[in-house]
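Residue strings, one per chain:
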Amino acid sequence: MTHESFNPIVRLVSPFLFCTILTTASAAPLPFSQYDNQVASLLAQMTLDEKIGQMVQVDLLAITNKDDIQTYFIGSVLSGGDSKPAGENDPQTWLNTVNDLQSHALKTRLKIPLIYGIDAVHGHNDVVGTTIFPHNIGMGATRNPKLVEQAEAVTASEVAGTGIRWAFGPCLAVVQDERWGRTYESFGQSPGLVSEMAAAAVRGFQGNTLSSQPTSVLSCAKHYLGDGGTENGIDQGNTVCSEATLRRLFLPPYRAAVKAGVGSIMVSYSSWNGGKMSGDKYLLTDVLKGELGFRGFLVSDWAAIDQLSPDYRADVEQSINAGLDMIMIPNGPGKTNNYVEFIRDLKELVAEGKVPQSRIDDAVTRILRVKFQMGLFENPWTDPALTAQIGSPDHRQIARECVQQSLVLLKNKNHALPLKKDLKHLAVVGFGANDLRMQCGGWTISWQGSGELTKGTTILQAIRQAVSPETQVTFSPDGSGISNADAVVVVVGEHPYAEMRGDRTNLDLSAADQALIQNAKASGAPVTTILLSGRPLILGTALDASDAFIAAWLPGTEGEGVADVLFGDVRPTGKLPREWPSTDQQFAADKMTGKPLFKFGYGLTY
Ligand code: GLC
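Conventions and cut-offs
Residues numbered from 1 in each chain as written. Predicted model: local features only at pLDDT ≥ 70, side-chain atom pairs only at ≥ 80, totals over all residues. Heavy atoms only, no water. Pairing = 2+ DSSP bridges. Helix = DSSP H or I, 4+ residues; strand = E, 2+ residues; numbered from the N terminus. 1 Å grid on protein atoms, 1.4 Å probe; cavity = no way out; pocket = protein on both sides within 12 Å on 5 of 7 lines; lining within 4 Å. Points joined across faces, edges and corners; volume = space filled by probe spheres on them. Nonpolar A, V, L, I, M, F, W, Y, C, P; charged D, E, K, R; others polar. Domains from an automatic or database assignment. Axes fitted to C-alpha atoms, helices over the stretch in contact; angles between N-to-C directions. Contact = heavy atoms within 4.5 Å. Disulfide = S-S within 2.5 Å. Buried < 20%, exposed > 50% of the residue type's maximum accessible area, 1.4 Å probe, protein only.

Visitor: Please give an account of the sheet that holds strand 9 (residues 275-276) that cites residues and values.
Guide: Across the sheet, 3 strands lie side by side as 6-8-9; this open sheet has mixed pairing. Strand pairing shows two members of the sheet lacking a second neighbour, strand 6 (238-239) and strand 9, which therefore form its edges. Taken together, the 2 bridges between strand 6 and strand 8 (residues 271-272) define a ladder with parallel strand orientation. Within strand 8, the position partnered with Thr-239 by the bridge is Trp-272.

Written out as structure tokens, the structure is:
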């Protein structure tokens, strides 16, 4: 094994390691174990300050003095949903920002590279100009794990193109109640479907194994465990069930992710039977690390440990002893529960024997194993060729195929679809037909998806591109001017939201949307309704008033994929990733009562 290394440590141990590998090459190494000797050698040289620094992940906006990265040996930085670098929100600005922070980390005594993490949950969605894929609920509807793998590989390439090598995805929630604002982040309601997509997504992000390949991006299965099972779908709420049910519904995707070699797992804000996951030693250490054999590292959610108790020092003690290895800290100096406090508290807890040194060493070993496996010590920089490919036509074509295969045709009376491309007058109705924000949903450029616009093609633009030059395409957000239309396409649905801001007690399609569809029906022309939503909605009169009805979920930037299916260039093949409730009483999928409007797996074609 020969490689020029930035880090003298690697040069020192490589010959020794080379012999070790030769003698043990026959034994199948445990995941993340081939660098154990280098990790042990480096760990032995580290001070407690340097070790604790590796366990700290700080939000970009909390770093008011970049020298803190050297002072506190900070091992990771993240961008939360709204944490953007100063200046233009473009790939080069991100790359410059990440490289600058890395250069500070490499000035530390042992030159341990930092790893930057970001929520690339449906493409590299924080950056303008990237390829935005359908949210996971749509990817679940494709029933195509190979396509999920391709989508995450494109996402990994675009993430790496900005110098970032850690994506906080896939979300492996097995959502039981679609009133939860994060339903769209889940592949569906079935453990089997989510498990299949979990393995595909991890492979897509990391490659067959996490490696030093420039496009191998650390995947982060989240949020362990039972985030999608909370009572009434309340975000960060309480999942009340037996251990048998917890294991049956929510654990399988993590078994699949660990088997696929996932390098990190994010722990949920939620609770199980009243106990916060961030402090649950049984589930974090005994089950995940012990029983499932997970050898990567556990990262907390955003300030999630602060919810354990009113005493931050006690939170630090409980969460680290429970098995959390890295703590996501959004606060900088000047705010409570900031990273300086965390470091001080943890040092004191170790000195007092309340957090064993062995727990610190285990956490840092896990983190360093991953950094070595990713080749960050040899090359902590990104391949500039990747930056140029961000948002490329090839990438967008894959996203377009995802859109095509994510659409679920729920109704098609009298073969209203596919539409002809040479209609005399095609009326397009509804604000959502020409709104990329509704099309992409939350976690797009801004956390809530309602901020700066990104680049893409709306459904209206795609329709206009698809029809013949003789066809008159009119657009009216309010449904006016459609009296002589030969066909009407109505686009309705949810405006963007993320996390708790999407929690609902009532999922009725809005009265305004229902009226828009009724108005289209009154025109006498065939009506195709396209629903943009992060989950099934209670449709009221909308389905009866439509001749054709497509659940489009949150398709992302490539609106052409919707037009491809509307005009029959591609047949609809999507299948419902979750049952479609007919009334408010039927939300808890695992305890579904009564008859759903459409069953799990339903979907028509032509
Ligand atoms: C958020 C989310 C989590 C995300 C993290 C960092 O609160 O719960 O999914 O990865 O914070 O943005």
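Visitor: Residues and numbers for the layout of surface pockets, please.
Guide: Approximately 320 Å³ is the volume attributed to the largest pocket. Around the largest pocket, the lining comprises 22 residues; the ones closest to its centre are Gly-80, Gly-81, Trp-302, Trp-443 and Glu-499. Across the lining of the largest pocket, the residue classes break down as 10 nonpolar, 5 polar and 7 charged. Looking at the lining of the largest pocket, you find at least three residues from each of domain 1 (7-21 + 37-388) and domain 2 (407-586).

Visitor: Quick one: what's the story with the sheet that holds strand 13 (residues 425-429), residue by residue and with numbers?
Guide: A sheet is described by the order of its strands in space; here 6 strands give the open sequence 12-17-16-15-13-14, paired in mixed fashion. Looking along the sheet, the strands with just one partner apiece sit at the ends: strand 12 (408-412) and strand 14 (472-476). In this sheet, adjacent strand axes meet at a mean angle of 15 degrees when their direction is disregarded. The sheet contact formed by strand 12 and strand 17 (residues 548-553) spans 4 bridges and is antiparallel. Residue pairing across strands places Leu-409 opposite Ile-550, the latter belonging to strand 17. Sitting on the sheet, helix 18 (residues 459-466) touches strand 13, strand 14, strand 15 (487-493) and strand 16 (527-532), and the angle it makes with strand 14 is about 170 degrees. Relative to strand 15, helix 19 (residues 511-522) is tilted by about 175 degrees, and along the sheet it contacts strand 13, strand 15 and strand 16.

Visitor: Account for the state of the cysteines, naming residues and giving values.
Guide: Joining two cysteines, a disulfide is a covalent bond between their sulfur atoms. Per the stated rule, a full pass over the model turns up 0 disulfides. Among the cysteines around Cys-241, which has no disulfide bond, Cys-171 carries the closest sulfur, lying 17 Å off. With no disulfide of its own, Cys-440 lies 13 Å from the sulfur of Cys-402, the closest cysteine sulfur. For Cys-440, a relative accessible area of 1% gives the class buried.

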